[in-house]
Amino acid sequence: MTNAIVGIDLAERKQMVVVTDHDSKVLARRTFRCKAWDPGAALDWAAERSTRAGYAGVTVASEPTGHRWRVLGQLAAERGMSFVCVQPMLTSGARKSEDLTPDKTDEKDAVLIARLTAQLRCYLPEPVDETWGRLRHLGVRREQLLDEHVACVQQIRDLLECVWPAAVATAQQPFKSATWLCAMHVIMTRDGGDFARTRRLGPARFEHAVRKELTRRGKLRPCLRILRKLYAALTDPAGVIEHRLGAFERIAWIIEDWDTARVKLADTEARMVAILDDLQLTELACSIKGLSPVGAAAILAETGDLRRFISSRAVVKHAGLAPRQRMSGTFAGRSHLSGAGRPHLRTAAWRAVWGAVKSNPVYADRYRHLTTRENNKLKPTQAQTVLAGAILRQLHAVIVTGQAWDPDIATHGTRRKSTMLTEVAA
């Protein structure tokens, strides 16, 4: 109760500032015509007004939208002011509950932000740290490159299915085959999509050209089965022939973009793993069998330092993976995910599940149980979502406690009990 509350509605050139007490009574209000990165005068004015009203200091509150709130937090820290954030979702709900209308004004939003702060419906933002901040930015960069990588694959697939569908059928998973990619590079980039020129090479010289491209990419041996099928597909007439010239020209460019994205992606992931090493968290995080250093770095890039969360459940809620119950009286509806957290964190945890299910016996058993049990059997995607939440909880545990992942603890001792029963029966 010693601090007044300063609610600020940030915009690019207009900052609405209100100073309130803990009963949401407005003590002062003012609009500052300044850039979002220069509200220092607004904070000084708010401090002066709160002192005049008899308060020892101020607590600054704002919505964490865009990038402007970070500058505001830094300016508040330089002046020794507390700084908290209010979720925009809460502000939106409070706006409607005021008078049952969705009216929106800068002054009204600033007051709502201050009121929610007085009700403690706010949170402390992630502390500013150079290393963790760099990891977060690298995580964003990795997501962008992954999107570009996937977009290139989809474009190539769509174009080939239209003008040369036989090429897609030459390998079971063509876009994961280095041989297929190198052969397509030779056909589209070297020969410009001219099938007659490629056929004049003959099978032996075509294989030699693909081998050279494989060597350039750091691979060793081609898959001759895929090569033979792809060379035979050069005579396949299926597809829209009239569009082949233009489509092949686009495919050549997309392959170059794909290669560039993959090189940048590898470099970004290497930088992320290096930061994880600097934080001395690689060994701890990767003690969870099946969780790769890149997967752990991708999760931590979204969460920041896990030690700032009060519980592992808070991390799961932060990801939007916490179940949302629907129960009233005798009615019990189906539970769904809240989906109100960070979508990229959900994606990073979900990607980590694939390696964990393949390499970790605990997660493999859990997945098998969830998808085969008689009561409330889950679909594969639902079971993967459950495991994604488990990975977040257990990653939080190992980092907070500083102890390596233990399969017995992860299974609440059930693995040890089953082993002991087996030994007794034997």
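Heads up: these notes are all about the structure in this document. A quick note: this is a predicted structure, and the numbers were derived from the prediction, not measured.

A short note on the packing of aromatic side chains
So, step 1. All told, the structure shown has 9 aromatic pairs when counted by the stated rule.
So, step 2. A ring pair is formed by Phe32 and Trp45, whose centres lie 5.7 Å apart and whose planes are at 65°; its orientation type is edge-to-face. Here Phe32 is found in strand S3 (residues 26-32), whereas its partner Trp45 is found in helix H1 (residues 40-52), with 13 residues between them in sequence. The residues Phe32 and Trp45 share a single accessibility class, namely buried.
So, step 3. Here the aromatic rings of Tyr363 and Trp405 are separated by 6.2 Å at their centres, their planes lie at 20°, and the arrangement is stacked. Separated by 42 residues along the polypeptide, Tyr363 in helix H15 (residues 361-372) and Trp405 in the loop between helix H16 (380-401) and helix H17 (407-410) bring together distant segments of the chain. The same class applies to Tyr363 and to Trp405, which are both buried.
So, step 4. Through a chain of ring-to-ring contacts, three or more aromatic side chains come together here, namely Trp164, Phe195 and Phe248.
So, step 5. One cation-aromatic arrangement involves Arg262 over Trp258; the distance from NZ or CZ to the ring centre is 5.4 Å.

A look at the sheet that holds S3
So, step 1. Taken in spatial order, the 5 strands of this open sheet run S3-S2-S1-S4-S5, and their pairing is mixed. Each end of this open sheet is capped by a strand with a single partner; those strands are S3 and strand S5 (82-85). Along the sheet, successive strands turn relative to each other by an average axial angle of 20°, direction set aside.
So, step 2. Running at roughly 160° to S3, H1 makes contact with strand S1 (3-9), strand S2 (15-20), S3 and strand S4 (57-62) of the sheet.
So, step 3. Across the face of the sheet, helix H2 (residues 68-78) comes into contact with S1, S4 and S5 while running at roughly 160° to S5.

Some words on unusual backbone geometry
So, step 1. In this structure, Ser24 is a non-glycine residue whose phi angle is positive, near 65°.
So, step 2. With respect to the helices and strands, the residue Ser24 is situated in the loop between S2 and S3.
So, step 3. With phi around 65°, Leu120 is a residue other than glycine that occupies positive phi space.
So, step 4. With respect to the helices, strands and loops of the structure, Leu120 is situated in the loop between helix H4 (106-118) and helix H5 (130-163).
So, step 5. Take Leu120: its relative accessible area is 69%, and that puts it in the exposed class.

Quick notes on helix H13 (residues 312-319)
So, step 1. Considered for burial, the residues of H13 that qualify are Val315, Val316 and Ala319. Down the axis of H13, the smallest arc covering the buried residues is 100°, so these residues share one side.
So, step 2. Considering only its buried residues, H13 is in contact with helix H12 (293-303), helix H14 (343-359) and H16.
So, step 3. With its phi angle positive at about 80°, Gly320 sits one or two positions after the end of H13.

Conventions used here
Residues numbered from 1 in each chain as written. Predicted model: local features only at pLDDT ≥ 70, side-chain atom pairs only at ≥ 80, totals over all residues. Heavy atoms only, no water. Phe/Tyr/Trp six-rings, centres within 6.5 Å; stacked < 30°, edge-to-face > 60°. Helix = DSSP H or I, 4+ residues; strand = E, 2+ residues; numbered from the N terminus. Buried < 20%, exposed > 50% of the residue type's maximum accessible area, 1.4 Å probe, protein only. Lys NZ or Arg CZ within 6 Å of the ring centre and 35° of its normal. Pairing = 2+ DSSP bridges. Axes fitted to C-alpha atoms, helices over the stretch in contact; angles between N-to-C directions. Contact = heavy atoms within 4.5 Å. Arc of directions from axis to C-beta.

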